[in-house]
Amino acid sequence: MDEVMRILVLGADGYLGWPTALYLSDHGHDVGVLDNFARRGYDTELGVRSLVPIASFEERIETWREVSGRQLASYVGDLTDPQFVSAAVAGFRPDAIVHFAEQRAAPYSMIDRAHAVYTQTNNVVGTLNLLYAIAETDPSIHLVKLGTMGEYGTPNIDIEEGWLEITHNGRTDRMLYPKRPGSFYHLSKVHDSHNIEFACRIWGLRATDLNQGVVYGQQTPQTALDPRLATRFDYDAVFGTVLNRFAIQAVLGHPLTVYGTGGQTRGLIDIRDTAECIRIACENPAGPGEFRVFNQMTQSLSVEQIAKTVAAAYPGAVEVDYLDNPRVESENHYYNAVHTSLEQLGLRPHLLSDTLIESLFALVEQHRDRIEPEAMRPAVQWRRQSNPSSAIVA
Ligand code: NAD
Ligand code: USQ
């Protein structure tokens, strides 16, 4: 690295924010960490917990100081509070802000009206407050925002990196790539992308929107240094993501819960590559006024291929259960997403390997007594049941 940067990581108590903050700190940057602990609150609400025990934010920060000799400046507060956001940005004076701090589970956003409204309010308002804080403090701060591959959905054409050149009635323009997301959560990311592009175009802010695929894995070289530095690992049907869930189910002898036929294809990425992609994006900022989009995934697999890969890596017998799909999503579709920009900037991906899957099996064995098997079954339905008793009678 040529230059030490000041980088503020929002959502730094979460699954990805914590290991990324440590990775950036380990690379010599001055890192600030911010969170409101909403994620720990969803655990209480849903009656679940991370498979791996996690230390408090304070203890994590103190442990990192002991282990690495490096300080993390800490900010505890809510991005939906504009005064708090402005004070944190003005106080830390970052060169870059990495924004992970959103409600990120699609099933959580589909529980009911209140959870959909919460998700969109939390995510869209938090990001808007941040855009104002950047514009008012220093428009040259580079916003590195976590978006999602699910913003695009599964169109029947190749997925480009955020933008698409369109020719219509003989005229050509470069437009934002059309979006067809699959949940109110994924929609919140689309709304964010539009707001961020607008702020770049109108105020001259600089931003990188990282449309990330489904993340798998749990350890990074930094979190492995001390058990108090571990990041969370979710297995429940609301917050657990597909590959991590399948690894846990294999060890428990629980059938792998493939939704529908399993033909749905998703972009995937290893947690270690998430941290490296963020470092690359921060150290190679977008230009003033630029809304830059990278597809942050390294390979794509269907859900059925993921299930078969996990089953093949497990030394014992593994059953697969094809459940009625609780979601509304295409299970048989074309999928070809471009993801070359980060590799052109130096990313050397860790592709899914048996070694990584075996390390997850070992992790599950170590903590299997913490699992509530009932939390594994999907309970949130995308389809609405009509409720005649609630109809207004004239
Ligand atoms: P996470 O829920 O573990 O972490 C998010 C953190 O943000 C939590 O610690 C939470 O307390 C905090 N937060 C939420 N709302 C906040 C607010 N209003 N103010 C302050 N802090 C707030 O999620 P994660 O898995 O680490 O994901 C991080 C980001 O990456 C999310 O934006 C998510 O959409 C995106 N992403 C995740 C995945 C994945 O597979 N985990 C894949 C693609 C994209
Ligand atoms: N699935 C199963 N069985 C399971 C769990 C999931 O078949 O037990 C299927 C789902 O139906 C879906 C796919 O696996 O087709 C992915 O589901 P997921 O829960 O692993 O991921 P998703 O809901 O898409 O959300 C996760 C993160 C989210 C991020 C997104 C990236 O929670 O924050 O934005 O991955 S992406 O999918 O590219 O949009």
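None of these values were measured; they are calculated from a predicted model. (Residues numbered from 1 in each chain as written. Chains lettered and ligands numbered in written order. Predicted model: local features only at pLDDT ≥ 70, side-chain atom pairs only at ≥ 80, totals over all residues.)

Q: Which residues make up the site of ligand 1, and what are the values?
A: Close to ligand 1 lie 28 residues; Gly-11, Gly-14, Leu-16, Arg-39 and Val-215 are nearest. When contributions to the shell around ligand 1 are tallied by element, the ones reaching two or more residues are helix H2 (38–46), helix H6 (113–137), strand S5 (142–148) and strand S9 (214–216). Tallied by class, the residues present in the shell around ligand 1 amount to ten nonpolar, eleven polar and seven charged. (Near = placed C-beta within 6 Å. Helix = DSSP H or I, 4+ residues; strand = E, 2+ residues; numbered from the N terminus. Nonpolar A, V, L, I, M, F, W, Y, C, P; charged D, E, K, R; others polar.)

Q: I'd like a description of the sheet that holds strand S13 (residues 299–302), backed by residues and values.
A: Taken in spatial order, the three strands of this open sheet run S9-S11-S13, and their pairing is mixed. Strand pairing shows two members of the sheet lacking a second neighbour, S9 and S13, which therefore form its edges. Here the average twist between neighbouring strands, direction ignored, is 45°. As defined by bridge partners, strand S11 (residues 265–270) adjoins S13 across four bridges and the pair is classed as antiparallel. Among the inter-strand pairings, Gly-267 is bridged to a residue of S13, identified as Ser-300. Strand contacts of helix H9 (residues 271–283): S9 and S11, with the helix running at about 75° to S11, the strand carrying the most contacts. (Pairing = 2+ DSSP bridges. Axes fitted to C-alpha atoms, helices over the stretch in contact; angles between N-to-C directions. Contact = placed C-beta atoms within 7 Å.)

Q: Could you give an account of the UniProt feature "domain: NAD-dependent epimerase/dehydratase" (unreviewed entry) in the chain, with specific residues and numbers?
A: The feature "domain: NAD-dependent epimerase/dehydratase" (unreviewed entry), as given by UniProt, occupies residues 7–295 in the numbering adopted here. Across residues 7–295, helical content stands at 40% and strand content at 22%; the span's end C-alpha atoms are separated by 21 Å. (UniProt positions renumbered as here; feature names shortened; annotations may be inferred.)

Q: Can you lay out the pairing of strand S1 (residues 6–10) for me, pointing to particular residues and giving the numbers?
A: Of all five residues in S1, four are buried, a share of seventy percent or more. Here S1 runs beside strand S2 (residues 30–35); their pairing, made up of five bridges, is parallel. Bridge pairing links Ile-7 to Val-31 in S2. For the handedness criterion, the β-α-β arrangement of S1, helix H1 (residues 17–26) and S2 is classed as right-handed. (Buried ≥ 20, exposed ≤ 12 C-beta atoms within 10 Å, placed from the backbone. Right-handed = clockwise from strand over helix to strand, strands pointing away.)

Q: Explain the packing of helix H4 (residues 82–92) against H6 residue by residue, including any values.
A: Between H4 and H6, whose axes approach to 9 Å, the crossing angle comes to 45°. In this view, H4 runs oblique relative to H6, as classed from their interaxial angle. With respect to the hand of their crossing, H4 and H6 are arranged in right-handed fashion. The residues of H6 that touch H4, namely those facing Pro-82, Val-85, Ser-86, Val-89 and Ala-90, are Asn-129, Leu-130, Tyr-132, Ala-133, Ile-134, Glu-136 and Thr-137. When its residues are assigned to classes, the contact of H4 with H6 shows eight nonpolar, three polar and one charged. (Parallel < 35°, antiparallel > 145°, perpendicular 65-115°, else oblique. Left-handed = near helix turned anticlockwise from the far one by under 90°.)

Q: Tell me about the site of ligand 2, residues and numbers included.
A: Neighbouring residues of ligand 2: 21 residues in total, closest Thr-148, Met-149, Gly-150, Val-242 and Tyr-259. For the shell around ligand 2, the elements supplying multiple residues, two or more each, are helix H8 (242–252), strand S10 (256–259) and S11. Counting residues per element, the shell around ligand 2 draws most heavily on S10, which supplies three residues. Classifying every residue of the shell around ligand 2 by side-chain character gives eight nonpolar, eight polar and five charged.

Q: Explain unusual backbone geometry to me, and be specific about the residues and the numbers.
A: The residue Phe-37 is not glycine, and still its phi comes out positive at about 65°. Checked against the element boundaries, Phe-37 lands in the loop between S2 and H2. In this model, Arg-93 sits at a positive phi of 50°, which is unusual for a non-glycine residue. In this fold, Arg-93 is placed in the loop between H4 and strand S4 (96–99). For Arg-93, a count of 12 C-beta atoms within 10 Å puts it in the exposed group.

Q: Tell me what's going on with the nonpolar core, and back it up with residues and numbers.
A: Ranked by size, the top nonpolar core spans 92 residues in total, and within it Val-9, Leu-10 and Val-98 carry the most contacts. Looking at this core element by element, the count peaks at seven residues for H9. Ignoring any residue separated from it by four or fewer positions in sequence, one finds Val-9 in contact with Gly-17, Thr-20, Ala-21, Val-31, Gly-32, Val-33, Leu-34, Val-98 and Phe-100. Formed by eleven residues, the second largest nonpolar core is a distinct cluster that contains Ala-105, Met-110, Phe-184 and Ala-237. (Core = buried A, V, L, I, M, F, W, Y, C linked by C-beta atoms within 7 Å.)

Q: So what's going on with the sheet that holds S4? Which residues, and what values?
A: Taken in spatial order, the seven strands make up an open sheet running S3-S2-S1-S4-S5-S8-S12, and their pairing is parallel. Here the strands that pair on one side only, and so sit at the sheet edges, are strand S3 (72–76) and strand S12 (291–296). Each strand of the sheet is rotated relative to its neighbour by a mean of 20°, with strand direction disregarded.

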